[in-house]
Each structure stands twice: as structure tokens, then as C-alpha cells.
Amino acid sequence: MDKEKVLTPEVDRLLKKMEQICHDLAWNKFEQADDLFELTRQKRYPERIAKLAESFGMMLVKVEAREYRMEEMLKELQQARKQLLKENAGLKKGLQERFSSKKIIGRNPEMRKILDQVERIADTSVNVLITGETGTGKELIAKALHYNSLRGPSPFVAVNCSAVPETLFESELFGIEKGVATGVAMRKGLLEQAHKGTLFLDEIGDMPLSSQAKILRVLEERVITRVGGKEPIPVDIRVVAATNRDLKAETAAARFRSDLFFRLNVVSLCLPPLAERPEDLPLLVKRFMDVHCRSMNRASMKVSPEAMRALFSYSWPGNVRELENEVERLVALAYSSVIRLEDLSLSIRESARASRKSPAISTAPETGTGKDQDLKDLQDRPEAEVQSLAKAEKKLVQRALEVSQGNKTQAARLLGISREGLRKKMKRLF
């Protein structure tokens, strides 16, 4: 009889030992793992037992390697998650600092009044309507309202109402339920995405009338229903709307719903155009120049007095956005660290030449009492030093603006000129 086919008591014991070791390993008990590797010694144990033990040993090595790798991967995932959470918190803090109302440039009295209002209403949930010409910074104010409020950590969702086709408006804002059409998956709309945060409706004056009714219902009931859905979904959102249109006139012309206008116009912020805040222009130029010099890796730059006068003389129809584009172009194309008159855009240089050629406007004030008399006293008071006509005229305009507390119509009346004449004078002097 073949000796290898005889099940001796020793072989039977070794097989039972291997069976027990494998059973323990299946239950993550590794105390007898060393005994398994001991059985792989061919000279001490039968050859078949040694080979069988070696096969189980290799399997154990692979299992341990896989479990070790899984543990390492879990550790890496946990570290990555902690790092992402840390970076996310840093980004949110950075956004809050970037869009802080205290960091928004505004030395102009009207602008300061608006920024003070932003600070007061940031932590409330009242709807806000921001009006002003294109490029005055309406979205910047909306972000300041969001990131400096308790909703700051939640989403800020912006939608340009003039860019969404009327046929897609409902699905974009309210989302789509699964199964509406073949192959259509469920998709959350912008209103649902803004839950716990802020929905910014830019250019709301261009929203179709049919969509205005749906938005009004959301503002009143704070629930939405996806396209093709039946279940109402509650949403907790703050709505900030912006437009460059006169919504009162649009309402009178039946192009905008009056009930929606009153719902949105809880707090109204009207941003002044850049032409009416000349005291902010040098600060804005410096801010934009610093930002774009850093982004283009260029040394610090400054603007020559002649070029700055030309910037003051320009009317800036595109407002702050146009100014930033101009500064970015200057930083990219200027040959030296000093911006000269010839570096400016053609339209700005032509405006400067036109203002130099325009005839002088009379600065004789009307007689009167109160603020009028204060200004007359300023004109009659002799100066300690001889000043140029331009400096005296500039000081007179500044004093008129101070006396009238920034009211340009009143300042123009005090100076005895029209409001348009004051605007041209400010363009030339500041």
C-alpha cells in the first residue's frame, strides 16, 4: 500500500490543525498564523501537508496585504476629507472677507449709506431689490448681503433672467421630476439648489410675465413643485433681485407684475453711477491695478497726474465694470510702471481733449440765506495764498457739494448753474 495514501494519526492531526487555523482566519483570528507557516517546512512535515500549508500561507499573505491596503486607503480618505473640510472652511472665510461690506470701496456719501444698509440687513431674510445702471456692482452688493449673513455657508445661486429662454425658465428654476419623458433623470432646479442660502435674480426686469407669476407663488408660499412632479417641496431661500430698469415704469406699462414688485421691494438699494462718485475713482483705480498687477505678475504701477485727470473727465457709461476693464488693459499693455495719457483708450483721450476745449461756465451763486449764504461767504472770504483759477473753482464745487450733502441738484442751484453744467464741471475738475 502506498505510504502517502495511508492517513496516519500524525497526518490526521496536522490536517485538523490546518482546518482549525483556516476556521480562525475566516473569523479574523490570526493567533495561530505562525503555526500555519511552521507547517510549510517540508523536511519536518509530510510533503503534501507542507505544500497545502504553503498554499494557505500565500492566500493569507494576500489577504493581509489587501486588508493593510484597505486600512491605508481608509486613512488616506479620512485625511483627504479633513483636508477638504479645512480648505472649504478657508474658502468660505475668504469669501466672507472678500465680500465684506467694509472692504467695498465707497467714500461717496450715497455709496456709504448703501453699505451701511447692507450691514444692517445682512443677517435678516428680507427680500432686497438692487437697482442701478449696468456695471455699478449690483452682484457685488448681493454677494455682500449673502456672505456676511447667517446664510453665508449655504449656496449663493445666481441666475441671469435675460439669458434663460422662456420655454426653459420653469425647468431651470423648479427642476424636473424623473420620468417626465423617456430617459429624463431627476434634476434639481436653481430654487431647490439655493435651499438655506440666497437666490440672486439678476436682470429680473427681463423675466417673462408667465414666469413672474410662478416666482411670486414661491415668495408667498415658500414651496416649489418640479416639472412633472406632484409633491410640494419646501424651500428656505432669501431672494435678492437686481435690475437696471425702472420697475415702477415697467409696472405702469404692464410689463412687470405690480404684486411681484411689491414682494421684492422690501428693501431697495439704488447704486449711483460711477460718474456721480468721483471721489471713489482713484481708490477703485488703485484697487484694480493692485489686483491685476498681482494676477499678471507685474511690478506695482501708478497713474500719472495727466492720465488721472483724463480718467476723471470721462463719463464712464459702463461704470465700475468699464473702469476695471480699462485698468486691466492698461496693466497688460503699458510699457512702463507709470500709466501715461497716451496709454489710455482712444475714447478716454478724446473725452479729455473735449473737456479742455469746452468754454468756462459761470460760477456766480445765487444770493440767499442759510446754505446759500454759507457758500457766498466761502466765495467772498479772501484766501491766504494765491491759487490758480482751477483750484479755486474745484474748491468751490467741493464746498457746494458739502453744503448740499452730496445733492447735485441743490449744489448746482447754489453755484448758479444747471445740473448738467455741474456734471461737466466735475468731469473737468476731479
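In what follows, the structure referred to is the one given above.
Given the structure is predicted, the values throughout are model-derived calculations rather than measurements.

Novice: Before we go on, may I ask you to explain the overall build of the chain in this structure?
Specialist: Looking only at helices and strands, the chain features 18 helices and 11 strands. Burial statistics for the chain: of 430 residues in total, 38% are counted as buried. Across the chain, every contact between residues at least 6 apart in sequence was considered, and the portion connecting residues at least 24 apart equals 70%. Summing over all exposed atoms, the chain offers an accessible surface of approximately 25,500 Å²; the carbon and sulfur share of this is 53%.

Novice: I would appreciate a short explanation of empty space enclosed by the protein in the present structure.
Specialist: In this approach the atoms are scanned with a rolling probe the size of a water molecule, which exposes any empty space left behind. One pass over the structure, following the stated rule, counts 1 cavity of 30 Å³ or more. In this structure, the largest cavity occupies an estimated 100 Å³ of space. Looking at the lining of the largest cavity, the element that brings in the most residues is helix α18 (residues 419–429), giving 3 residues. Considering only residue class, the lining of the largest cavity consists of 9 nonpolar, no polar and 2 charged.

Novice: Please explain helix α13 (residues 319–333) as it appears in this structure.
Specialist: Since one α-helical turn is 3.6 residues long, residues separated by three or four positions face the same way. Taking 1.5 Å per residue as the helical rise, α13 with its 15 residues ought to reach 21 Å, and the 21 Å between its terminal C-alpha atoms agrees with that figure. Taken as a whole, α13 has its buried residues at Asn319, Val320, Leu323, Glu326, Val327, Leu330 and Val331. Seen from one end, α13 has its buried residues packed into an arc of 135°, which puts them on one side.

Novice: What am I meant to see in the environment of Leu115 here?
Specialist: Turning to its location among the elements, Leu115 is positioned in helix α4 (residues 109–121). Remark: the alpha-carbon pair of Leu115 and Lys103, spanning 12 residues in sequence, is separated by 9.9 Å.

Novice: I'm lost on the packing of aromatic side chains in this one. Help?
Specialist: Ring pairs (aromatic) are described by centroid distance and by the angle formed between their planes. Summed over the entire model, instances satisfying the criterion amount to 4 aromatic pairs. With 6.0 Å between their ring centres and 25° between their planes, Phe156 and Phe200 make a pair best called stacked. Of this pair, Phe156 sits in strand β2 (residues 156–160) while Phe200 sits in strand β5 (residues 198–202), and the two are 44 residues apart along the sequence. Residue Phe156 is classed as buried on the basis of its relative accessible area, which comes to 16%. Through a chain of ring-to-ring contacts, three or more aromatic side chains come together here, namely Tyr147, Phe156 and Phe200.

Novice: Looking at this structure, how should I read the environment of Lys424?
Specialist: Mapping Lys424 onto the fold places it in helix α18. We classify Lys424 as partly exposed; its relative accessible area is 47%. Separated by 111 residues in the primary sequence, Lys424 and Ser313 have C-alpha atoms spaced 8.1 Å apart.

Novice: Whenever I open this one, the pairing of strand β8 (residues 238–243) confuses me. Can you help?
Specialist: Residues in a regular strand point their side chains to alternate faces of the sheet. Among the 6 residues in β8, 6 count as buried, and that is most of the element. Neither face of β8 is left uncovered, since the one carrying Arg238, Val240 and Ala242 and the one carrying Val239, Ala241 and Thr243 both have all their residues buried. Note that strand β1 (residues 128–131) and β8 share 4 bridges and pair parallel. The residue bridging Leu129 from the neighbouring strand is Ala241, located in β8. Pairing geometry for β5 and β8, over 4 bridges, is parallel. Among the inter-strand pairings, Leu201 is bridged to a residue of β8, identified as Ala241.

Analysis parameters
Residues numbered from 1 in each chain as written. Predicted model: local features only at pLDDT ≥ 70, side-chain atom pairs only at ≥ 80, totals over all residues. Heavy atoms only, no water. Helix = DSSP H or I, 4+ residues; strand = E, 2+ residues; numbered from the N terminus. Buried < 20%, exposed > 50% of the residue type's maximum accessible area, 1.4 Å probe, protein only. Contact = heavy atoms within 4.5 Å. Areas by Shrake-Rupley, 256 points an atom, 1.4 Å probe, with all protein chains shown as cover. 1 Å grid on protein atoms, 1.4 Å probe; cavity = no way out; pocket = protein on both sides within 12 Å on 5 of 7 lines; lining within 4 Å. Points joined across faces, edges and corners; volume = space filled by probe spheres on them. Nonpolar A, V, L, I, M, F, W, Y, C, P; charged D, E, K, R; others polar. Expected span 1.5 Å × (residues − 1). Arc of directions from axis to C-beta. Phe/Tyr/Trp six-rings, centres within 6.5 Å; stacked < 30°, edge-to-face > 60°. Pairing = 2+ DSSP bridges.

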